[in-house]
Amino acid sequence: MEYFLIVFSAIFVNNIVLAQFLGICPFLGVSGKVSTSVGMGGAVMFVMTLATIVTYIIQYYILIPFGISYMQTISYILVIASLVQMVEIILKKISPALYQALGVFLPLITTNCAILGVAILVIQNEFNLLESVIFAVANALGFTLAIWIFSGIREQLEIMDLPKGMKGVPAALLIAGLLSMAFMGFAGIV
Amino acid sequence: MPPILPGKHLWKEESMTNKDIFKRGLIKENAVFVQLLGMCPVLGVTSTAINGLGMGLATTFVLIMSSIVVSLVKSFIPDKVRIPAFIVIIASFVTVVDLVMAGFFPGLHEQLGLFIPLIVVNCLVLGRAEAFGSKNTPFKAVLDGLGMGLGFTLALVLLGSMREILGSLSLFGLKFVEADGILIFVLAPGAFIALGFLIAIINVLKKRFA
Amino acid sequence: MAKKESTFFNMVFSLSVITLVASAALGYVYEFTKEPIAAAQLAKKVRAISVVVPEYNNNPVEDMYLAAIPGSNDSLEIYPAYQNGELVAAAVRSFSPKGYSGNVWLMVGFIPDGSIFDISVLEHKETPGLGTKMADESFKAQFRNKNPQNFNLKVKKDGGDVDALTGATITSRAFGDAAYTAWKTFMEGGKHD
């Protein structure tokens, strides 16, 4: 598959949040402010890329050779959980500044299904290692883009006068729907 | 909104009867409409009612089984490793569901696809194991899991039916008008919009009856 | 019973026990479901083959052979269908990497002169509601009884003969591409068997 198509499709056409419904919890939960949403995006990119590489290696060098592919879910989620812990510890030691910026988001990432989702998707799509890394980075970018735009709109939404029942989550979901519709337009480009 | 392990502060466990434990998950503290947990599968698989039902039941099974096991082994697990331990337990039951579904319901398995392994990271499951299963008897854990799971299933079926009726003019695969529906409800944007309206309606109803 | 303290030994011990028990249990479930899963996959394959070729009385799955895709290192599975020993058609399990996300897998049935008998969609991850319509009768009908020799499997936008699905040009392209790969492989790699 051409690299450009992987990147374009992952960021715009099949946006991980708006079209694939992965990572909805942080998308709705952490998108109140623009600054936090970008921080979350950065943390996701870091962990997603790392997790995809490690799970890729586990899949092709342990699970498949030993014929235990059914351990995929359990081993992947353990890898992701320990990876998040490790990243947290290492960041704290070597870059307190970066830890300050990303630290609060890290625990949330273990239960971010976008990470596990992408790790499984690269296996299902039969990507090689390079394609997998590109796919992971592109999806993280797509996630960041979606959550960034969304948080910008939600900041405005706070000061809007809305019908009582629509306030908060319902309005946010409608906005997400409109965004998703807008992103569908990218399908026509390629 | 959703904290990582939500719901701890929502109720007082001691004063609740078994009936309350079961009942609250259905509507009052519905995982989807009230607690906003497990949104990924809620949006991802509800293009038809039957997919919603399958996903809901699969999640309920994992919820009940992992709650039982967690409440059985809770005193053997040191506090600091309890989350990883819970995750392993949950992941095992998810894999069981995955394998059994692939073997006996291949059609549904194909439809739900990626969202089956992703039950592992459904915050609802880990949240219940941590907030309830790890503090209560297995029997209460079953009631809690059943209530929460059925509430989750109810939400998925409701949203799935709504999208299927509007989007393809059919329900549970039975077409009642030979025409095209409003396509957008089957597509991704429709999931967000339908859920948004559903939650708004429930908010309004809750206020009216409260 | 008192809660176990979080000593290093206790932590490692309890996690190892849980993981061991879990792996053993999963191994058992895996063994138990292995056959049903294989049977389900086989049934799916047989169903796909039987709709894309005319009546046959051999076992195409047993007679399956691999044929190299011309100009590529990959090969495709070809399932020949014989009626009383005479080759009536062959189903080619083909794919295209040109879909939106991942491969689009088709089962394409050819009669011996290379004309398409029918096509069925096996696996894909295209957009629900748009790309998934490639499995619809209205889209597939245009390929029936066409010989790719004089029916260009590219979409009309690219100068071919295929009417693309609305809003899913990429998927339609991938569909045509997979069918073309199947045809090429069948004509060049498949005839000699």
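Conventions used here
In this convention, every chain numbers its residues from 1, walking through the sequence in written order. Chains and ligands are labelled sequentially in the order written, the chains with letters from A and the ligands with numbers from 1. In view of the model being predicted, local features appear only for residues whose pLDDT reaches at least 70, and side-chain atom pairs are presented and counted only at 80 or more, with totals across whole chains, interfaces and linings using the full set of residues. Values reported for side chains reflect all heavy atoms of the structure, with hydrogen atoms and water molecules removed beforehand. The helix and strand labels rest on DSSP assignments: H or I over at least four residues marks a helix, E over at least two residues marks a strand, and numbering proceeds from the N terminus. In this description the radius of gyration comes from C-alpha coordinates, and the expected globular size is given by 2.2 Å times residues to the power 0.38. For every residue, the accessible area (1.4 Å probe, protein chains only) is compared with the maximum for its type, and the residue is labelled buried under 20%, exposed over 50%, or partly exposed between those bounds. What makes two residues a contact is simply this: any of their non-hydrogen atoms within 4.5 Å. Values of accessible area rely on a 1.4 Å probe in the Shrake-Rupley scheme; residue burial ignores everything except the protein chains shown. In this tally, Asp and Glu contribute negative charge and Lys and Arg positive charge; neither His nor the terminal groups of the chain are included. A charge is said to be at NZ when it belongs to Lys, at CZ for Arg, at CG for Asp and at CD for Glu. Polar contact is the term for a pair of N or O atoms within 3.5 Å; when the atoms are in protein, one must be able to donate a hydrogen and the other to accept it, and sequence-neighboring residues count only if both atoms are side-chain atoms. Definition of nonpolar core: a set of buried residues of the types Ala, Val, Leu, Ile, Met, Phe, Trp, Tyr and Cys, connected through side-chain atoms within 4.5 Å. The buried area of a pairing is the accessible area, by a 1.4 Å probe, that goes missing from both parts when the two are put together, added over both. Salt bridges, as used here, are contacts in which a Lys or Arg side-chain nitrogen is within 4 Å of a carboxyl oxygen on Asp or Glu. Each residue gets one of three labels, nonpolar for Ala, Val, Leu, Ile, Met, Phe, Trp, Tyr, Cys and Pro, charged for Asp, Glu, Lys and Arg, and polar for the others, Gly among them. By this definition, two strands are paired if DSSP reports at least two bridges between them. Multiplying 1.5 Å by the helix residue count minus one yields the expected span of that helix. Patches here: salt-bridge-free residues with over 30% relative accessible area, like charges joined within 9 Å, nonpolar side chains (Val, Leu, Ile, Met, Phe, Trp, Tyr) joined within 5 Å. What counts as an axis is a line fitted to C-alpha atoms, over the stretch in contact for a helix, and the angles between N-to-C directions run from 0 to 180 degrees. Roughly parallel here means an angle under 35 degrees, roughly antiparallel means over 145, roughly perpendicular means 65 to 115, and every remaining angle is called oblique. Note on convention: near helix rotated counterclockwise from far helix by under a right angle means a left-handed crossing. Clockwise means right-handed. Only the six-membered ring of Trp is used, alongside the rings of Phe and Tyr, when aromatic pairs are assigned; centres must lie within 6.5 Å, and planes under 30 degrees apart are stacked while those over 60 apart are edge-to-face, with the rest tilted. Two conditions define a charge located above a ring, namely a distance within 6 Å from the ring centre to NZ of Lys or CZ of Arg, and an angle within 35 degrees of the ring normal.

J.: Outline the overall build of chain B, supporting the account with residue identities and numerical values.
T.: From N to C terminus, chain B includes eight helices and two strands. When the elements of chain B are put in sequence order from the N terminus, they spell out α-α-α-α-α-α-α-β-β-α. Taken against the 2.2 N^0.38 rule, which gives 17 Å for 210 residues, the C-alpha radius of gyration of chain B at 18 Å falls within 12% of a compact globule. In terms of overall dimensions, chain B has C-alpha extents of about 60 × 45 × 25 Å along its principal axes. Considering chain B as a whole, with its 210 residues, one finds that 59% of them fall into the buried category. Across chain B, the fraction of contacts at a sequence separation of at least 24, relative to all contacts at a separation of at least 6, is 73%. Accessible area of chain B: about 8300 Å², with a carbon and sulfur share of 71%. Of note, chain B has its 17 positive side-chain charges centred 11 Å away from the centre of its 12 negative side-chain charges.

J.: Please provide a residue-by-residue account of the environment of K45 of chain C, values included.
T.: Residue and element names in this part refer to chain C. In this fold, K45 is placed in helix α1 (residues 8-52). Non-local contacts of K45, meaning those with residues more than four positions away in its chain, are made with E77, Y79 and M107. At 3.2 Å, the side chain of K45 and the side chain of Y79 are in polar contact.

J.: I'd like a rundown of the nonpolar core, residues and numbers included.
T.: In summary, soluble globular proteins display a tendency toward joint burial of nonpolar side chains. Core analysis: the largest hydrophobic core is formed by 128 residues, its most contacted members being I24, F27, M48 and I109 of chain A together with L195 of chain B. Among the elements that take part in this core, helix α4 (residues 82-104) of chain B stands out by supplying 14 residues, more than any other. Ignoring sequence-local partners within four residues, the contact set of M48 of chain A consists of I16, A114, I115, V118, A136, N139 and A140 of chain A. Among the nonpolar cores identified, the runner-up in size contains 44 residues, and L187 of chain B together with V52, Y79 and A89 of chain C belong to it.

J.: Tell me about the interface of chain A and chain C, and name the residues and values.
T.: Across the boundary between the two partners, chain A contributes 16 residues, which contact 18 residues of chain C. Interface area, chain A with chain C, both sides summed: about 1500 Å², of which 61% is carbon and sulfur. Our enumeration of links across chain A and chain C arrives at zero salt bridges. Counting residues per element, the ones that place at least two in the side of chain A that touches chain C are α1 (3-13) and α7 (113-124) of chain A. For the side of chain A that touches chain C, the element with the highest residue contribution is α1 of chain A, accounting for three residues. Looking at the side of chain A that touches chain C residue by residue, the classes come out as ten nonpolar, five polar and one charged.

J.: Residues and numbers for the pairing of strand β1 (residues 65-68) of chain C, please.
T.: Every other side chain in a regular strand lies on the same face of the sheet, so the side chains alternate between the two faces. Residue and element names in this part refer to chain C. Burial along β1 is one-sided: the face carrying Y65 and A67 is buried and the face carrying L66 and A68 is not. Here four bridges tie β1 to strand β2 (residues 75-83), and the two strands are oriented antiparallel to one another. If you follow A68 over to β2, its bridge partner there is S75. Hairpin connection between β1 and β2: a loop of six residues separates the two successive antiparallel strands, and G71 in this loop has a positive phi of roughly 75°.

J.: Tell me about helix α7 (residues 138-168) of chain B, and name the residues and values.
T.: For α7 of chain B, spanning 31 residues, the distance from its first C-alpha to its last is 42 Å, which sits close to the expected 45 Å at 1.5 Å a residue. L169 of chain B occupies a position one or two residues after α7 of chain B and carries a positive phi of about 50°.

J.: Before we move on, could you go through the pattern of salt bridges and cite the residues and values that matter?
T.: Counted under the stated rule, the structure contains eleven salt bridges over all chains. For R128 of chain B, the salt bridge is made with D144 of chain B, and the minimal N-O distance between the two is 2.9 Å. One end of the pair, R128 of chain B, is in helix α6 (residues 123-131); the other, D144 of chain B, is in helix α7, with 16 residues separating them in the sequence. The same class applies to R128 of chain B as to D144 of chain B, namely buried. Between E31 of chain C and K34 of chain C there is a salt bridge; the shortest N-O distance is 3.5 Å.

J.: Lay out a nonpolar patch on the surface in plain terms, naming residues and giving numbers.
T.: A surface patch of nonpolar side chains, about 470 Å² in accessible area, is lined by I57, Y61, I62 and F66 of chain A. Along the chain, Y61 of chain A turns up in helix α3 (residues 34-63).

J.: Help me get a handle on the packing of α4 of chain B against α6 of chain B, residues and values and all.
T.: All names here are of chain B. Close contact between α4 and α6 brings their axes to 10 Å; oriented N to C, the two are set at 125°. Taken together, the axes of α4 and α6 lie oblique to each other. Note on packing geometry: the crossing formed by α4 with α6 is right-handed. Across from R82, I83, F86, I87 and I90 in α4, the residues of α6 making contact are V125, L126, A129 and E130.

J.: Describe a positive patch on the surface, naming the residues involved and giving the relevant values.
T.: A surface patch of like charges, here positive, comprises K164 and K167 of chain A together with K206 and K207 of chain B. Structurally, K167 of chain A is set in the loop between α8 (129-157) and α9 (169-184). For K167 of chain A, a relative accessible area of 45% puts it in the partly exposed group.

J.: Describe the interface of chain B and chain A, listing the residues and the values that go with them.
T.: How big an interface is tends to be expressed through the accessible area that disappears when the partners come together. At the junction of the two partners, chain B supplies 39 residues and chain A supplies 38 residues. At the junction of chain B and chain A, the tally comes to zero salt bridges. Our enumeration of links across chain B and chain A arrives at zero residue pairs in polar contact (both at pLDDT 80 or more). The element contributing the most residues to the side of chain B that touches chain A is helix α8 (residues 188-209) of chain B, with 13 residues.

J.: Go over the side chain of S115 of chain C with me, naming the residues and quoting the values.
T.: All names here are of chain C. Its location among the elements puts S115 in the loop between β4 (104-110) and β5 (116-123). Residue S115 is classed as buried on the basis of its relative accessible area, which comes to 9%. Contact partners of S115, with chain neighbours within four places excluded, come to G109, F110, K146 and N147.

J.: Please provide a residue-by-residue account of the pairing of strand β3 (residues 86-96) of chain C, values included.
T.: Residue and element names in this part refer to chain C. For β3, a buried count of eight out of eleven residues is recorded, marking the element as mostly surrounded by other parts of the structure. Alignment of β2 against β3, held across seven bridges, turns out to be antiparallel. If you follow I78 over to β3, its bridge partner there is V92. Linking β2 to β3, which pair antiparallel, is a turn of two residues; within it N84 sits at a positive phi near 50°.

J.: Give me the lowdown on the packing of aromatic side chains, citing residues and values where you can.
T.: Any pair of aromatic rings gets described here by the distance separating the centres and the angle formed by the planes. For the coordinates displayed, the defined rule picks out 18 aromatic pairs over all chains. With a centroid separation of 4.3 Å and 20° between ring planes, the pair formed by Y70 of chain A and Y30 of chain C is classed as stacked. Placement of the pair is Y70 of chain A in the loop between α3 and α4 (72-94) and Y30 of chain C in helix α1, with the two residues belonging to separate chains. Stacked on the ring of W105 of chain C, the Lys or Arg R93 of chain C has its end atom at 4.2 Å from the ring centre.

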